[in-house]
Number of protein chains: 2
Amino acid sequence: MSPRKSAAEARRTRERIVERGVAIASVEGLEGLTIGRLATDLGMSKAGILGHFGTKETLQLATLDEASAVFLRVVWQPAAHETPGLPRLRAVCEAWITYLEHEREIFPGGCLFTTASVEFDARGGRVRDAVARLHRLWRRRLVGELRLAVTAGDLPSGTDPEQVAYELVGLYLALNQAIQLFADPLAPDRTRRALDRLLAQA
Amino acid sequence: MSPRKSAAEARRTRERIVERGVAIASVEGLEGLTIGRLATDLGMSKAGILGHFGTKETLQLATLDEASAVFLRVVWQPAAHETPGLPRLRAVCEAWITYLEHEREIFPGGCLFTTASVEFDARGGRVRDAVARLHRLWRRRLVGELRLAVTAGDLPSGTDPEQVAYELVGLYLALNQAIQLFADPLAPDRTRRALDRLLAQA
DNA sequence: CCTACCGATCGGTAGG
DNA sequence: CCTACCGATCGGTAGG
C-alpha cells in the first residue's frame, strides 16, 4: 500500500514517534507507553512503529534520550551564555522552574525523568540503568556549577557542592509533585524562596 | 473444593492479600499490581482475590489504606510520646529516615506513597484522589507540628510552617530517590544535615 | 473460595 | 510501511 519511504522520511517518522512517545510516557510512564497506543495516536500500524526500534525496550530508551535532549534545550542551553558559577546556576534554576510549570505540550504529565525515576527505581534492566545514568549526569552538572560558584567566591568556601545539589534536587522533586498532584500555584515561589536561602548561605 | 471459610478466616485472607499487594505495588506501582500476580504469589485463584474487592480499583484503594496505616505506625506513632512541637517533629523526621532506609520487607520498592504520587499525578479517578488526599493529610500533620514548634518558641516567630513543610517533603523525596535509584549510603546523613539547617533557622 | 470462561490488549513475528 | 497473525496476560463474570 504505502510506498517505500526515503531515508529522510523514515527519520522524520521516527522523530514523530519519539515525540509522541515522550508525551504519552510523561502521563502513563515508560511501561504504560504501549505500541498499540502509539499506533492509534499516529494513524500507523503496530508493526510500522516497531520497525523503527525492534523492541519496546529500545523504544523506551529512545524516548528517554529525547526527554534528555528536551531538558538540555529548555533548562541548560538558555543559561549557557551566563557567567559560569552562581549567575549561570541561578539562570538554570529559574529555567528549571519554568520548565516544570509550563512544558505541558512536551510533557503533559510532568517531567519524564521524575516519572521514570520512581517507576524504575526498584527494577533492573537497561531502562533503569539509563534513567540512573541521566540523573547522575544532571546531578554532576549541578555539582560542577556549584564548584565554580565556590571557586569564584560567590558561595562560602566551606560549601559542600554535593550537599547543595542533593537539596536542590529535592526542591525540584517537591515542585513537580506540587504542580502535578496539587496544582499548587504557590509552589514556584516557594521553590524560589528555598533556593534563595540555600544559595545565599550554603 | 475448599470449604466455606468463617468470617474471621475471610478477614485474615483479605489482610494477606492487601499485605502482599503493598509489597508488589511498591515495586510495580498500583497499576502494575495485577490480580493474576497476587493470585500466583498467594496460591489462590484470581476470582478468589477479586471476591474480596470486586474491582481492581477497590483493591488499589485498600492497598493505599494499608500503606497509610504502615506509615502512621512506623513514622508517627513511635514519636507520639515526645513533647509536642520541635522535639516530636524531630522524632518523626528521624523515624521517617529509618522508614525509607529499612522498611524493605513491607515496601521492597520504596515508599508506596511516593511511587503512587508520581504514577497517578497526571491521571483522574478515585485512586488519584485518594493519593492526593493522603499526601495532604501527612502534609497537614507536618504543618501542625511546625506551628506548635513556633508557638512553643522552638522556631523563630517569623517561620512559615507551610514553607518549611514544603521543603521537608522535598528532602524526603530526594532521600527516597537516593536510596532506591542510587543506593547512596550517604543520603540519610545528607538528609539530617539539611534538616538541622532547616529546623535551626527556619 | 474454586473452575471455566469472556473480550480486549499486550509485545512481537512472518511475509510482503 | 502494511495485513494478518501468534501466545500470553489483562480485568472481570457465571455458576457453583
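Residues numbered from 1 in each chain as written. Chains lettered and ligands numbered in written order. Predicted model: local features only at pLDDT ≥ 70, side-chain atom pairs only at ≥ 80, totals over all residues. Heavy atoms only, no water.

Draft legend 1. The arrangement of the protein's contact with DNA strand C in detail. In the region of DNA strand C, 18 residues are neighbours, and Lys-46 and Lys-56 of chain A together with Thr-13, Ser-45 and His-52 of chain B sit closest. Each atom of DNA strand C within 4 Å of the protein belongs either to a base or to sugar and phosphate, the latter forming 60%. It is helix α3 (residues 46-50) of chain A that contributes the most residues to the surface near DNA strand C, three residues altogether. (Near = heavy atom within 4 Å. Helix = DSSP H or I, 4+ residues; strand = E, 2+ residues; numbered from the N terminus.)

Draft legend 2. Region of the structure containing the protein's contact with DNA strand D. Around DNA strand D, a shell composed of 18 residues is seen, among which Ser-45 and His-52 of chain A together with Thr-34, Lys-46 and Lys-56 of chain B lie nearest. Within the backbone of Ile-35 of chain B, an N or O atom sits 3.1 Å from a phosphate oxygen of DNA strand D. Contact between DNA strand D and Lys-46 of chain B: a base nitrogen at 3.0 Å from a side-chain N or O atom of the residue. At the level of elements, α3 of chain A together with α2 (35-42) and α3 (46-50) of chain B are the ones that each hand at least two residues to the surface near DNA strand D. With three residues, the single largest contributor to the surface near DNA strand D is α3 of chain B. Tallied by class, residues from the surface near DNA strand D come to six nonpolar, nine polar and three charged. (Polar contact = N/O pair within 3.5 Å; in protein donor to acceptor, adjacent residues only side chain to side chain. Nonpolar A, V, L, I, M, F, W, Y, C, P; charged D, E, K, R; others polar.)

Draft legend 3. Structural context of the relation of the copies chain A and chain B. Its rotation angle being 180 degrees, the transformation that places chain A on chain B also includes 0.0 Å of axial translation and leaves an RMSD of 0.0 Å. This pairing of chains is accounted for by a two-fold axis. Considering only C-alpha atoms, the part of chain A nearest the rotation axis is Gly-170 of chain A, at 2.1 Å. Comparing interface residues between copies, 100% of those in chain A also sit at the interface in chain B, which points to an isologous, same-surface contact. (Least-squares fit on C-alpha atoms with pLDDT ≥ 70 in both. Contact = heavy atoms within 4.5 Å.)

Draft legend 4. Expanded view of the pattern of salt bridges. Residue and element names in this part refer to chain B. In total, this model carries 28 salt bridges over all chains according to the counting rule given. Note that Arg-20 and Asp-41 form a salt bridge whose closest N and O atoms lie 2.9 Å from each other. Taken together, the residues span a long stretch of sequence, with Arg-20 in helix α1 (residues 7-32) and Asp-41 in helix α2 at a distance of 21 residues. For Arg-20, a relative accessible area of 29% translates into the label partly exposed. Across the pair Asp-196 and Arg-90 runs a salt bridge whose closest N-O atoms are separated by 2.9 Å. With Asp-196 in helix α9 (residues 187-200) and Arg-90 in helix α5 (residues 86-102), the pair connects residues that are 106 residues apart, well separated along the chain. By relative accessible area, Asp-196 is classed as partly exposed at 39%. (Salt bridge = Lys/Arg side-chain N within 4 Å of Asp/Glu carboxyl O. Buried < 20%, exposed > 50% of the residue type's maximum accessible area, 1.4 Å probe, protein only.)

Draft legend 5. Focus on the environment of Pro-87 of chain B. Residue and element names in this part refer to chain B. Structurally, Pro-87 can be placed in helix α5. Between the alpha carbons of Pro-87 and Ser-157 there is a distance of 17 Å; along the sequence they are 70 residues apart. Apart from the residues within four sequence positions on either side, Pro-87 is in contact with Glu-82 and Asp-154.

Draft legend 6. Highlighting the packing of aromatic side chains. What the rule picks out here adds up to 12 aromatic pairs over all chains. Their ring planes at 75 degrees and their centres at 5.1 Å tell us that Phe-71 of chain B and Tyr-99 of chain B sit as a pair that is edge-to-face. A residue pair is termed long-range when its members are at least 10 positions apart, and Phe-71 of chain B in helix α4 (residues 56-76) and Tyr-99 of chain B in helix α5 qualify at 28 residues. Grouping residues by exposure puts Phe-71 of chain B and Tyr-99 of chain B together as buried. Here Phe-71 of chain B and Trp-138 of chain B contribute two aromatic rings whose centre-to-centre distance is 4.7 Å and whose plane-to-plane angle is 65 degrees, an arrangement assigned as edge-to-face. Highlighted residues: Phe-71 of chain B in helix α4 and Trp-138 of chain B in helix α7 (residues 126-151), separated in sequence by 67 residues. Comparing Phe-71 of chain B with Trp-138 of chain B shows no difference in burial state: the two are buried. Put simply, the rings of Phe-71, Trp-96, Tyr-99, Phe-107, Phe-113, Trp-138 and Tyr-172 of chain A touch in pairs and so form one group of aromatic residues. If you follow Arg-141 of chain A out to its NZ or CZ, it ends over the ring of Trp-76 of chain A, 5.3 Å from the centre. (Phe/Tyr/Trp six-rings, centres within 6.5 Å; stacked < 30°, edge-to-face > 60°. Lys NZ or Arg CZ within 6 Å of the ring centre and 35° of its normal.)

Function cannot be read off these values alone, since they describe shape.
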